[in-house]
Amino acid sequence: MTSKLPGETKTYDGTLADFDATFKALDIDYLDLYLVHAPWPWSQIGTNHDKENVDVWRAMQEIYKSGRVKAIGVSNFNVHDLQNVMQDAEIAPMVDQIQYYVGFTEPKIADFAKQNNILVEAYSPLATGGLLNNEDVAAMAKKYGVSVAQLALRFCIQNGLLPLPKATSAAHIEANKELDFTIQDEDMDKLNNMPDTAPSHFHNATQG
Ligand SMILES: NC(=O)c1ccc[n+]([C@@H]2O[C@H](COP(=O)([O-])OP(=O)(O)OC[C@H]3O[C@@H](n4cnc5c(N)ncnc54)[C@H](OP(=O)(O)O)[C@@H]3O)[C@@H](O)[C@H]2O)c1
């Protein structure tokens, strides 16, 4: 199970208190993953909170050391945000959860994360449904005998990411587990070089 520290919480004490409240409310023995939801409060997207994020990360390390979470990480952090918290950290973020789908792959963050052993989780890997009608992806999916969604999820896995699809339909949930096929290298190249497959979709201001 994953839970997140609200982007609005930017103090050491606030982080410990929010985690305690979540842990009590869930009534569990441990969490798999606890993430800092964003480098900025959601009402101030894109603003700089470097100093506060260092304080928050100090608290995240304490939470990890308490044994109540198996992993700690961040979300919506760009390379600068990651470097900022890693500078004096005893424990680096283990995960960065970012928006990522065919044609919107945030390469600077993904490359930096790979070099630093940070697992990238791809949120909205289907662009919240926005890429499902893309004709180029659909044509390639047909070639493999899979759905557009399955191809888009497999694309994330072959790029070394963990996709986080959301589905309310039981058939979609089942289909999203059937990813045991391989996209050929030349098709991965095509997918990796495609323009945004859901250009009208909301894009988070993470890249940088
Ligand atoms: N960290 C962050 O700041 C952040 C921000 C946004 C999202 N997220 C997380 O990312 C996860 C997913 O994001 P998301 O909801 O934006 O979108 P998504 O997974 O990209 O897309 C969800 C849409 O795709 C459809 N779908 C799923 N599987 C399908 C399939 N096999 N075939 C056809 N359609 C399929 C769903 O339909 P049905 O519902 O009808 O099945 C739904 O309409 C969520 O769990 C969310 O918590 C994190």
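Everything in this summary refers to the structure shown in the same document. Please read all numbers here as calculations on a predicted model, not as lab measurements.

### As for the sheet that holds strand S5 (residues 119-123)
- Spatial strand order, S1-S2-S3-S4-S5-S6: six strands in an open sheet with parallel pairing. The open sheet is flanked by strand S1 (2-5) and strand S6 (162-164), the only strands paired with a single partner. Taking the axes of each pair of neighbouring strands and ignoring which way they run, one obtains an average angle of 30° across the sheet.
- Judged from the five bridges that link them, strand S4 (residues 95-99) and S5 form a sheet pairing that is parallel. Bridge pairing links Gln-99 to Tyr-123 in S5.

### Overview of the packing of helix H1 (residues 12-26) against helix H2 (residues 50-65)
- Axis separation between H1 and H2 bottoms out at 7 Å; the angle between their running directions is 40°. Relative to H2, the element H1 is oriented oblique. In this structure, H1 meets H2 at a crossing whose hand is right-handed. Facing Tyr-12, Thr-15, Leu-16 and Phe-19 of H1, the residues of H2 in contact are Asp-55, Val-56, Arg-58, Ala-59, Met-60, Glu-62 and Ile-63.
- A per-class count over the contact of H1 with H2 returns seven nonpolar, one polar and three charged.

### Concerning the layout of surface pockets
- Taken as a whole, the largest pocket holds about 410 Å³ of empty space.
- Lining the largest pocket we find 19 residues, and of these Leu-126, Gly-129, Pro-165, Lys-166 and Ala-167 sit closest to its centre.
- Classifying every residue of the lining of the largest pocket by side-chain character gives 10 nonpolar, eight polar and one charged.
- Surrounding the second largest pocket, 14 residues form its lining, Ala-110, Asp-111, Lys-114, Asn-159 and Leu-161 being those nearest its centre.
- If you list the elements that add at least two residues to the lining of the second largest pocket, you get helix H4 (107-115) and S5.
- Take the lining of the second largest pocket: its biggest share by element is five residues, from H4.
- Residue composition of the lining of the second largest pocket, grouped by class: eight nonpolar, four polar and two charged.

### Examining the site of the ligand
- The immediate surroundings of the ligand are formed by 23 residues, with Ser-124, Thr-128, Thr-168, His-172 and Asn-176 found nearest.
- Between the ligand and Gln-97 there is a distance of 2.9 Å, counted from a nitrogen atom to a side-chain nitrogen or oxygen.
- The contact in question runs from a nitrogen atom of the ligand to an N or O atom on the side chain of Asn-176, over 2.8 Å.
- For the ligand, the accessible surface in isolation is 920 Å², of which the surrounding protein chains cover 74%.
- Applying the majority rule of atoms within 2 Å of the grid points places the ligand in the largest pocket.
- For the shell around the ligand, the residue count by class is 10 nonpolar, 11 polar and two charged.
- Both domains that furnish three or more residues to the shell around the ligand are identified here as domain 1 (1-93) and domain 2 (100-208).

### Let's talk about the environment of Asp-88
- Relative to the assigned elements, Asp-88 resides in the loop between helix H3 (79-86) and S4.
- A sequence separation of 64 residues divides Asp-88 from Ala-152, and the C-alpha atoms of the two residues are 37 Å apart.

### Here's the deal with the nonpolar core
- If you look at the biggest cluster of nonpolar residues, it comprises 54 residues, and the most contacted ones within it are Leu-151 and Leu-191.
- Among the elements that line this core, the one with the most residues is helix H6 (residues 148-158), at seven residues.
- The residues that make up this core include at least three from each of domain 1 (1-93) and domain 2 (100-208).
- Excluding residues within four positions of it along the chain, Leu-191 makes contact with Val-102, Gly-103, Met-140, Leu-151, Phe-155 and Ile-183.

### A short note on the packing of aromatic side chains
- Counting across every chain of the model gives six aromatic pairs.
- Between Tyr-101 and Phe-104 the ring centres are 5.7 Å apart and the planes differ by 25°, which places this aromatic pair in the stacked class.
- Grouped by ring-pair contacts, the aromatic residues Phe-19, Phe-23 and Tyr-34 constitute a single cluster.
- Just above the ring of Tyr-30 sits the side chain of Lys-70; from NZ or CZ to the centre is 4.6 Å.

Cut-off values and rules
Residues numbered from 1 in each chain as written. Predicted model: local features only at pLDDT ≥ 70, side-chain atom pairs only at ≥ 80, totals over all residues. Heavy atoms only, no water. Pairing = 2+ DSSP bridges. Helix = DSSP H or I, 4+ residues; strand = E, 2+ residues; numbered from the N terminus. Axes fitted to C-alpha atoms, helices over the stretch in contact; angles between N-to-C directions. Parallel < 35°, antiparallel > 145°, perpendicular 65-115°, else oblique. Left-handed = near helix turned anticlockwise from the far one by under 90°. Contact = heavy atoms within 4.5 Å. Nonpolar A, V, L, I, M, F, W, Y, C, P; charged D, E, K, R; others polar. 1 Å grid on protein atoms, 1.4 Å probe; cavity = no way out; pocket = protein on both sides within 12 Å on 5 of 7 lines; lining within 4 Å. Points joined across faces, edges and corners; volume = space filled by probe spheres on them. Near = heavy atom within 4 Å. Polar contact = N/O pair within 3.5 Å; in protein donor to acceptor, adjacent residues only side chain to side chain. Areas by Shrake-Rupley, 256 points an atom, 1.4 Å probe, with all protein chains shown as cover. Sits in = over half its atoms within 2 Å of the grid points. Domains from an automatic or database assignment. Core = buried A, V, L, I, M, F, W, Y, C linked by side-chain atoms within 4.5 Å. Buried < 20%, exposed > 50% of the residue type's maximum accessible area, 1.4 Å probe, protein only. Phe/Tyr/Trp six-rings, centres within 6.5 Å; stacked < 30°, edge-to-face > 60°. Lys NZ or Arg CZ within 6 Å of the ring centre and 35° of its normal.

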